[in-house]
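Residue-level listing of the chains:
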Amino acid sequence: MKTFALLMASLMMANVAHAANNGDPLSGKKLFEESRCLSCHAATVFTKPDRKVKSLAQLESQVRTCDANLSTNWFDDQIIDVVAYLNQAYYKFPNPARTQ
Ligand code: HEC
């Protein structure tokens, strides 16, 4: 029983680390809304039928490219949060554990 409890505790901790690695969509939403991301394109760019981004990795790389066009210079964690938000709100790719 004790072993089981320990196992559950470590699983829960692993889950927390996992969630942190996958970004925080709420924080991403705030960052996105405070940014000037929509100064070049509307949010419809995320939903249009011929949108270019086809995977979570592409989404991250596109957010990095677009961020580089702004003077925001988000930190890595912030990029991941915005990716998590855009994915949750628009792209809806399955969210596998990040490897980095
Ligand atoms: C300097 C102008 C500019 C700014 C600022 C900008 N983008 Fe973009 N973004 C573009 C262009 C150009 C495209 C390609 C648009 C198209 O395909 O119609 C694009 C495309 C995208 C796409 C891919 C859409 C698709 O086809 O799936 C995403 C995601 C994106 N931008 C996110 C962001 C985010 C997040 C920010 C804020 C950090 C941002 N953009 C700020 C110019 C910009």
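Look above for the structure.
Residues numbered from 1 in each chain as written. Predicted model: local features only at pLDDT ≥ 70, side-chain atom pairs only at ≥ 80, totals over all residues. Heavy atoms only, no water.

Participant: Can you walk me through the site of the ligand in this structure?
Facilitator: Around the ligand, the structure places 19 residues, and the nearest of them are Cys37, Cys40, His41, Cys66 and Tyr91. One of the backbone nitrogen or oxygen atoms of Val53 is found 3.1 Å away from an oxygen atom of the ligand. When residues of the shell around the ligand are traced back to their parent elements, those giving at least two are α3 (56–68) and α4 (76–91). In terms of residue count, α3 provides more of the shell around the ligand than any other element does, 4 residues in total. Here the shell around the ligand is composed, by residue class, of 11 nonpolar, 4 polar and 4 charged. (Near = heavy atom within 4 Å. Polar contact = N/O pair within 3.5 Å; in protein donor to acceptor, adjacent residues only side chain to side chain. Helix = DSSP H or I, 4+ residues; strand = E, 2+ residues; numbered from the N terminus. Nonpolar A, V, L, I, M, F, W, Y, C, P; charged D, E, K, R; others polar.)

Participant: Just to check I follow, could you spell out α3 for this structure?
Facilitator: In an α-helix, one turn spans 3.6 residues; hence positions three or four apart end up facing the same way. Between the first and last C-alpha of α3 there are 18 Å, a value that for 13 residues agrees with the 18 Å anticipated at 1.5 Å per step. Three or more residues of α3 are buried, namely Leu56, Leu59, Glu60, Val63 and Asp67. Here the buried residues of α3 occupy an arc of 100° about the axis, which is enough to place them on one side. For α3, the exposed residues lying more than 90 degrees away from the buried face are Ala57 and Ala68. Close packing links the buried residues of α3 with α4. (Expected span 1.5 Å × (residues − 1). Buried < 20%, exposed > 50% of the residue type's maximum accessible area, 1.4 Å probe, protein only. Arc of directions from axis to C-beta. Contact = heavy atoms within 4.5 Å.)

Participant: I would appreciate a short explanation of the environment of Val82 in the present structure.
Facilitator: By the element assignment, Val82 lies in helix α4. Using a relative accessible area of 1% as the deciding quantity, one classes Val82 as buried. With 19 residues separating them in the primary sequence, Val82 and Val63 have C-alpha atoms 7.9 Å apart. Among all residues touching Val82, those that are not within four sequence positions of it are Gly28, Leu31, Phe32, Val63 and Trp74.

Participant: How do you make sense of the pattern of salt bridges when you look at a structure like this?
Facilitator: Two side chains bearing opposite charge may form a pair once their charged atoms approach each other closely. Inspection of every chain in the model, using the stated rule, returns 4 salt bridges. We note a salt bridge from Glu60 to Arg64, for which the minimum N-O separation is 2.8 Å. With Glu60 and Arg64 both in helix α3 and 4 residues apart, the pair spans about one turn of that helix. The buried category is assigned to Glu60, whose relative accessible area is 9%. By relative accessible area, Arg64 is classed as partly exposed at 28%. (Salt bridge = Lys/Arg side-chain N within 4 Å of Asp/Glu carboxyl O.)

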